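Here's the letter readout for the chains.
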Amino acid sequence: MTVKELLVTCAAAVAMFGTAFASHSEWEGKTGQVSIGKSATWTMDDEDVAYINANISRITVSGTLILDNLSTWPVGTGGSTTPLFWSSSGTVIKKGNGTVTVTPYNYRTTGMLVIEEGGIYQAASYLWGDRSLNSKIWVKNGASLVQNANASHGGAQLILEGTGIDGGGAFIADSAAAGAVSYLILSNDASVAFNTTSAILADIKTDYVERNPALMELNGYTLTIGGTAGTVTMQNVSVSGGGAIKFAAGQARTFKATGTTDIGSTKLIVEGDLTLDSGEWGDIEILEGATLTLAPASATSAIVISGVISGAGNVAIGTSATPAVGRVALLRANTYTGTTTMNGADAFVLSLGNGAAIPDETKFTRQGGTLLPAIGYQADGVTPRWTAEHGR
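This is a predicted model, so every value here is computed, not measured.

Regarding its fold elements, the protein presents 2 helices and 33 strands. Here the protein holds 392 residues, and the buried ones make up 49% of them. Residue pairs in contact within the protein that sit at least 24 positions apart in sequence constitute 52% of those at least 6 positions apart. For the protein, the accessible surface area stands at approximately 15900 Å², while carbon and sulfur atoms represent 49% of it.

Here's what the structure looks like:
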């Protein structure tokens, strides 16, 4: 065969199979729509991605697809604005230590995306999801999912475990909207990082339908919040399964629970300084060196601590720069051993419920405001009775 004949033969092969050749035989010769059966396991690497982008428009995964150390996410012949994975009830597993950027839409999936190793950086508007809200994204121990400002889950349930790549977080949100998750589940202790001064930990919004309330299942584990100092907000979230939410050391944060949010029996652990400005909270543990600040957001705001405040840390009610307004109620016999400082405006009231106390071990300093002990309860035995003579 002459050189000219060889070139003609190669050109014909390229015309038949596209501009690339697949690395794994299961892809070779496939064009258009491809299905991976329930009992089948296929593998995709970078060479396969090049072939798929040139030849395949849709992949339906009923079995298992292993993404083997991809440096480029597949888009198929439809490009980045058309879903490649479609109505797939199977499992797609990302392997390999590298981080791959996802740019195409993948919003027709009902199966599970498992980030087993390395990371996925979600640059697209839809990573994984379906109108049924039954799809799942599972970030395994040592792996990370990073979302940018335009990202969303498409309603997928997000399952987390571990602390992510180099301890940077199993889930990392690079902007306020990126952290909006309608269903968060812990399968072990896990950490998240918000690289923004205003972050949404969970809310009811999805891309197609509304899950209301949003759901968070801690299953007895601890969710640690790290990243940039600022405000973390939970909007219309129902938290179940006990467990704890921990605020990592190194940054000061404000935690807000808005709308219909109910944290149930979830414990707060304060390792880095934390401010609460409204709501009812249960048990709170303040670690040594940390300060919990109770600072109602307005004259009509109230903070009720219905659990026990414990630990070796400190409690500040208002600050010297911003004296407390509104009202704060402590309803249980607290056991923390750090200092207690009360900086209140003239109309501010700190109320202690029946049997509640500021611990004897703490140094109590009052600089303004009124301390109202033993205010009693409403008929439900839980809600504090704000008396008319004190304007509450």
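Here we take up the pairing of strand S14 (residues 198-202). The element S14 is extensively covered by neighbouring structure, given that 4 of its 5 residues are classed as buried. Of the strand pairs in this sheet, S14 and strand S17 (residues 230-235) are connected by 4 bridges, and their pairing is parallel. From the neighbouring strand, Ala199 faces S17, where its bridge partner is Val232.

Bringing the pairing of strand S6 (residues 99-102) into the picture now. Here S6 shows a buried face lined by Val100 and Val102 and an unburied face lined by Thr99 and Thr101. Pairing between S6 and strand S8 (residues 119-122): 4 bridges, direction parallel. Following the sheet pairing, Thr99 is matched in S8 by Gly119.

This part takes up helix H2 (residues 46-55). For an α-helix, the turn length of 3.6 residues means that residues three or four places apart are oriented alike. Inspection of H2 places Asp48, Val49, Tyr51, Ile52 and Asn55 among the buried residues, and these make up the whole buried set. Take H2 and look down its axis: the buried residues cluster within an arc of 165 degrees, on one side only. Where H2 begins, the capping side chain belongs to Asp45, and its oxygen is found 3.1 Å from the backbone nitrogen of Glu47.

Our next topic: the sheet that holds strand S26 (residues 302-305). In spatial order, the strands read S23-S26-S29-S31-S33; together these 5 strands make up an open sheet with parallel pairing. Taken across any chain shown, the strands that pair with only one partner, and hence form the sheet edges, are strand S23 (279-281) and strand S33 (370-373). The mean angle between the axes of side-by-side strands here comes to 15 degrees, regardless of whether they run parallel or antiparallel. When S26 meets strand S29 (residues 327-330), the two strands line up parallel, connected through 4 bridges. Paired with Ile305 across the bridge in S29 is Leu330.

Another aspect to go through is unusual backbone geometry. With phi around 55 degrees, Asn219 is a residue other than glycine that occupies positive phi space. Here Asn219 lies in the loop between strand S15 (214-217) and strand S16 (222-227). Located in the positive-phi region is Asn236, a residue other than glycine, with phi close to 55 degrees.

Taken together, the 8 strands give an open sheet; going across it, the order is S14-S17-S20-S22-S25-S28-S30-S32, and neighbouring strands pair in parallel fashion. One side of each edge strand has no neighbouring strand; the edge strands of this open sheet are S14 and strand S32 (364-366). The sheet shows a mean angle of 20 degrees between the axes of neighbouring strands, direction not considered.

Time to look at the nonpolar core. Membership of the largest hydrophobic core comes to 83 residues, with the highest contact counts inside it found for Trp27, Ile59, Leu65, Leu160, Met216, Phe255 and Leu294. At 5 residues, strand S13 (residues 183-194) tops the list of elements feeding residues into this core. With residues near it in sequence (within four places) discarded, Phe255 still touches Val232, Met234, Ile245, Phe247, Leu268, Leu274, Thr275, Leu276, Asp277 and Trp281.

Attention shifts here to the pattern of salt bridges. On inspection of all chains with the given rule, the structure shows 4 salt bridges. Across the salt bridge formed by Glu116 and Lys95, the nearest N and O atoms sit 2.4 Å from each other. Of this pair, Glu116 sits in the loop between strand S7 (112-115) and S8 while Lys95 sits in strand S5 (residues 91-95), placing them 21 residues apart in sequence. When its relative accessible area of 25% is taken as the criterion, Lys95 is described as partly exposed.

This paragraph deals with the side chain of Thr261. For Thr261, the position within the fold is in the loop between strand S20 (253-258) and strand S21 (267-270). A relative accessible area of 17% means that Thr261 is categorised as buried. There is a polar contact of 3.1 Å between the side chain of Thr261 and the backbone oxygen of Met234. A polar atom in the side chain of Thr261 sits 3.2 Å from the backbone nitrogen of Val237. Apart from residues no more than four positions distant in its own chain, Thr261 is found in contact with Met234, Gln235, Asn236 and Val237.

Parameters and conventions
Residues numbered from 1 in each chain as written. Predicted model: local features only at pLDDT ≥ 70, side-chain atom pairs only at ≥ 80, totals over all residues. Heavy atoms only, no water. Helix = DSSP H or I, 4+ residues; strand = E, 2+ residues; numbered from the N terminus. Buried < 20%, exposed > 50% of the residue type's maximum accessible area, 1.4 Å probe, protein only. Contact = heavy atoms within 4.5 Å. Areas by Shrake-Rupley, 256 points an atom, 1.4 Å probe, with all protein chains shown as cover. Pairing = 2+ DSSP bridges. Arc of directions from axis to C-beta. Polar contact = N/O pair within 3.5 Å; in protein donor to acceptor, adjacent residues only side chain to side chain. Axes fitted to C-alpha atoms, helices over the stretch in contact; angles between N-to-C directions. Core = buried A, V, L, I, M, F, W, Y, C linked by side-chain atoms within 4.5 Å. Salt bridge = Lys/Arg side-chain N within 4 Å of Asp/Glu carboxyl O.

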